Amino acid sequence: MAGLSSLAKDTAIYGLSSIVGRFLNYLLVPLYTATLSAAGGGYGVITNVYAYTALLLVILTYGMETTFFRFANKEGEDPQRVYSTALLSVGATSLAFAVLVVAFVGPISAAMGYADHPSYVWVMAVTVALDAFQCIPFAYLRYKKRPVKFAALKLANILMSIALNLVFFLALPAWYESTGGEGLVGRIYSPEVGVGYAFYVNLFCSAALMLLLVKELTGFRYVFDRALLRRMLTYAWPILVLGIAGILNQTADKILFPYVYRGADAHAQLGIYGAASKIAMIMAMITQAFRYAYEPFVFGKAKDRDNRETYAKAMKYFVIFTLLAFLAVVGYMDILRHLIGRDYWEGLGVVPIVMAAEIMMGVYFNLSFWYKLIDKTIWGAWFSGAGCLVLILVNVLLVPRYGYMACAWGGFAGYGTAMLLSYFVGQKHYPINYPVKDIMLYVAVAAVLFLVMHYSNRLLPAWGAVGANTVLLALFAALIVKRDFPLGQILKKMGNKR
């Protein structure tokens, strides 16, 4: 239980940067959706470009985060040598990528549909190159068990981004309008740049973050061990394939949508889907916070005899609390919908579908450690590839007819496929006695409460729905306390320790 306590503490700290950070980033959603109309498609451009960015980040890190943890914890390996080799490798490939994109920005931007705005593409390329390189020092902070600095740097970056976005999307436009563009404001701001300021701000913040990581990038001798790198790449390439397939499960719909949607308002529809999906991202916050703590925890725990029992318990608690979060979002939808502009509300129907998909993605992540621990990461590539194929097929076949709703169901089907494949194959190669019956009980109860909340939101006035759903949420919390967190026993143990 000491291991689980440590995991819970680190998850809470990493969650500060993930959950609080993403919550702060939510400030950008009402900002963008209030200043960029749905019909104009500006938020659709942001959604599309950042989908490319997420995919490229996975490609440019090519599994080196997980590989770094694996080799740094291996007996006989020098962790500092592993870190240095990973830094130099990722740094070199990221620099090469940025140079190539800048050199060929014309044809690349035309192929992406941004021939009139090549700056979107080169700014994105330089930003993602910096972010890819920074993944390694951030992984080093996690390895060194320094979650406080990790969280502080992440939050500083987010706060800087929010402040600059407020300047360029609220303060300067108001100043420009009040003066007619005369004077100083006309030299530092142009309405024609529009959505491009979101990308320039992101680049500036990524560059500034490099200065805050100086301590992790200096003070040691850089060593590039080619033999070590070859072994690391052998371990990493299936993780790269896994990562590409995994991120495509999150971004393929947003990349493909402008190409397969039949209407002329593709970016407008994509913007509605992207904005509504942001409300569902509380699941991504929870799973990301859990991942930051769970990855080093698992590899450090691999030698313990009770590791499989610990993994099973961690899975159960993960599902319980993500279901609680799912019901909270559904129950308070009448409040949370105000996070996005009113003309984006028509897309709110995707929220529970996207959240359910995110829960399955988190379960899949929990399941994925069986093949990482036995160095058979190729299995992850197969599972994620299958899930990605399902998602792409759903999008290509159904988006032309059903629009962005097909995107949401495509993610659900893709994650579900990968999750089920990983579970059934994993039970043969690395069996873990997961409490499936207990987990399914919680899923069934959550499903019933979801249906009741859904009709409550539709049939009752906002204040009535919030009140009724609060009661339902309390009932689910009471079930959790009764079955898995008996307060009497917990208080008794606390009293005995005193």
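Residues numbered from 1 in each chain as written. Predicted model: local features only at pLDDT ≥ 70, side-chain atom pairs only at ≥ 80, totals over all residues. Heavy atoms only, no water.

Chemist: How would you summarise the overall build of the protein chain if you had to cite specific residues and measurements?
Modeler: Looking only at helices and strands, the protein chain has 23 helices and 0 strands in total. A total of 498 residues make up the protein chain; the buried ones form 52% of that total. Counting every atom, the protein chain has about 22600 Å² of accessible surface; 67% of that belongs to carbon and sulfur. (Helix = DSSP H or I, 4+ residues; strand = E, 2+ residues; numbered from the N terminus. Buried < 20%, exposed > 50% of the residue type's maximum accessible area, 1.4 Å probe, protein only. Areas by Shrake-Rupley, 256 points an atom, 1.4 Å probe, with all protein chains shown as cover.)

Chemist: Just give me the short version of the packing of aromatic side chains, but keep the residues and values in it.
Modeler: Applying the stated rule across the entire model yields 28 aromatic pairs. On the numbers, 5.7 Å between centres and 25° between planes, the contact of W379 with F383 is stacked. A residue pair is termed a helical-turn pair when its members lie 3 or 4 positions apart in one helix, as W379 and F383 do in helix α19 (residues 378-402) at 4 residues. Residue class for W379 comes out partly exposed when judged on its relative accessible area of 27%. Here F383 falls in the buried class, since its relative accessible area comes to 3%. Put simply, the rings of F68, F69, Y83, Y140, Y143, F220 and Y222 touch in pairs and so form one group of aromatic residues. Its guanidinium or amino end placed over the ring of F138, K154 lies 4.2 Å from that ring's centre, counting from NZ or CZ. (Phe/Tyr/Trp six-rings, centres within 6.5 Å; stacked < 30°, edge-to-face > 60°. Lys NZ or Arg CZ within 6 Å of the ring centre and 35° of its normal.)

Chemist: Any details on unusual backbone geometry? Residues and values, ideally.
Modeler: Positive phi, normally seen in glycine, also occurs at Y62, with a value near 30°. With respect to the helices, strands and loops of the structure, Y62 is situated in the loop between α3 (42-61) and α4 (64-72). For Y62, a relative accessible area of 11% translates into the label buried.

Chemist: Would you mind going over the pattern of salt bridges in detail, with residue names and values included?
Modeler: Inspection of the entire model under this criterion finds 8 salt bridges. For E65, the salt bridge identified is with R142, shortest N-O distance 3.6 Å. Placement of E65 in helix α4 and of R142 in helix α7 (residues 118-143) is noted, with a sequence separation of 77 residues between them. Owing to a relative accessible area of 16%, E65 belongs among the buried residues under this scheme. Among the residues examined, R142 registers a relative accessible area of 1% and is labelled buried. D225 is paired through a salt bridge with R81; the nearest N and O atoms lie 2.8 Å apart. One end of the pair, D225, is in the loop between α11 (214-217) and α12 (226-260); the other, R81, is in helix α5 (residues 79-103), and 144 residues separate them in sequence. In this structure D225 comes out as buried when scored by relative accessible area, which is 18%. What makes R81 partly exposed here is its relative accessible area of 33%. (Salt bridge = Lys/Arg side-chain N within 4 Å of Asp/Glu carboxyl O.)

Chemist: Run through the environment of N469, naming residues and quoting values.
Modeler: If you trace the backbone, N469 turns up in helix α22 (residues 462-484). Between the alpha carbons of N469 and M453 there is a distance of 5.9 Å; along the sequence they are 16 residues apart. Setting aside chain neighbours within four positions, we find N469 in contact with V330, G331, M453, S456 and N457. Within the structure, N469 has its side chain in polar contact with the side chain of N457 (distance 3.0 Å). (Contact = heavy atoms within 4.5 Å. Polar contact = N/O pair within 3.5 Å; in protein donor to acceptor, adjacent residues only side chain to side chain.)

Chemist: Tell me about α7, and name the residues and values.
Modeler: Over its 26 residues, α7 extends 38 Å from the first C-alpha to the last, a length consistent with the 38 Å expected when each residue adds 1.5 Å. Considering bend angle alone, the principal kink of α7 is centred on C135 and spans about 25°; proline P137 follows within four residues of it. One or two residues past the end of α7 sits K145, with phi positive at roughly 55°. (Expected span 1.5 Å × (residues − 1). Bend = angle between axes of the 7 residues up to and from the residue.)

Chemist: Residues and numbers for the side chain of N469, please.
Modeler: For N469, a relative accessible area of 0% gives the class buried. For N469, the side chain forms a polar contact with the side chain of S456, separated by 3.3 Å.

Chemist: Pulling in residues and values, what's your account of the confidence of the model for the protein chain?
Modeler: A residue-level look at the protein chain finds 88% of positions with pLDDT of 70 or above and a mean pLDDT of 84. Here helix α23 (residues 487-497) stands out as the element of the protein chain with the lowest mean pLDDT, 49, in contrast to α5, whose mean of 94 is the highest. (pLDDT = per-residue confidence, 0-100.)

Chemist: Just give me the short version of the packing of α7 against helix α10 (residues 196-212), but keep the residues and values in it.
Modeler: Axis separation between α7 and α10 bottoms out at 9 Å; the angle between their running directions is 30°. By the criterion of interaxial angle, the relationship of α7 to α10 is roughly parallel. α10 is crossed by α7, and the crossing has left-handed handedness. Mapping the contact onto sequence places S119, Y120, W122, V123, V126, T127, L130, D131, F133, Q134 and F138 in α7 and G196, F199, Y200, N202, L203, S206, A207, L209 and M210 in α10. Class assignment of the residues belonging to the contact of α7 with α10 gives a composition of 13 nonpolar, 6 polar and 1 charged. (Axes fitted to C-alpha atoms, helices over the stretch in contact; angles between N-to-C directions. Parallel < 35°, antiparallel > 145°, perpendicular 65-115°, else oblique. Left-handed = near helix turned anticlockwise from the far one by under 90°. Nonpolar A, V, L, I, M, F, W, Y, C, P; charged D, E, K, R; others polar.)

Chemist: Describe a nonpolar patch on the surface, listing the residues and the values that go with them.
Modeler: Nonpolar side chains collect at one region of the surface, where L389, L393, V396, L397, L398 and Y402 lie side by side and expose about 580 Å² of accessible area between them. By relative accessible area, which is 62% here, L397 ends up exposed. (Patch = residues over 30% accessible without salt bridge, like charges linked within 9 Å, V, L, I, M, F, W, Y side chains within 5 Å.)

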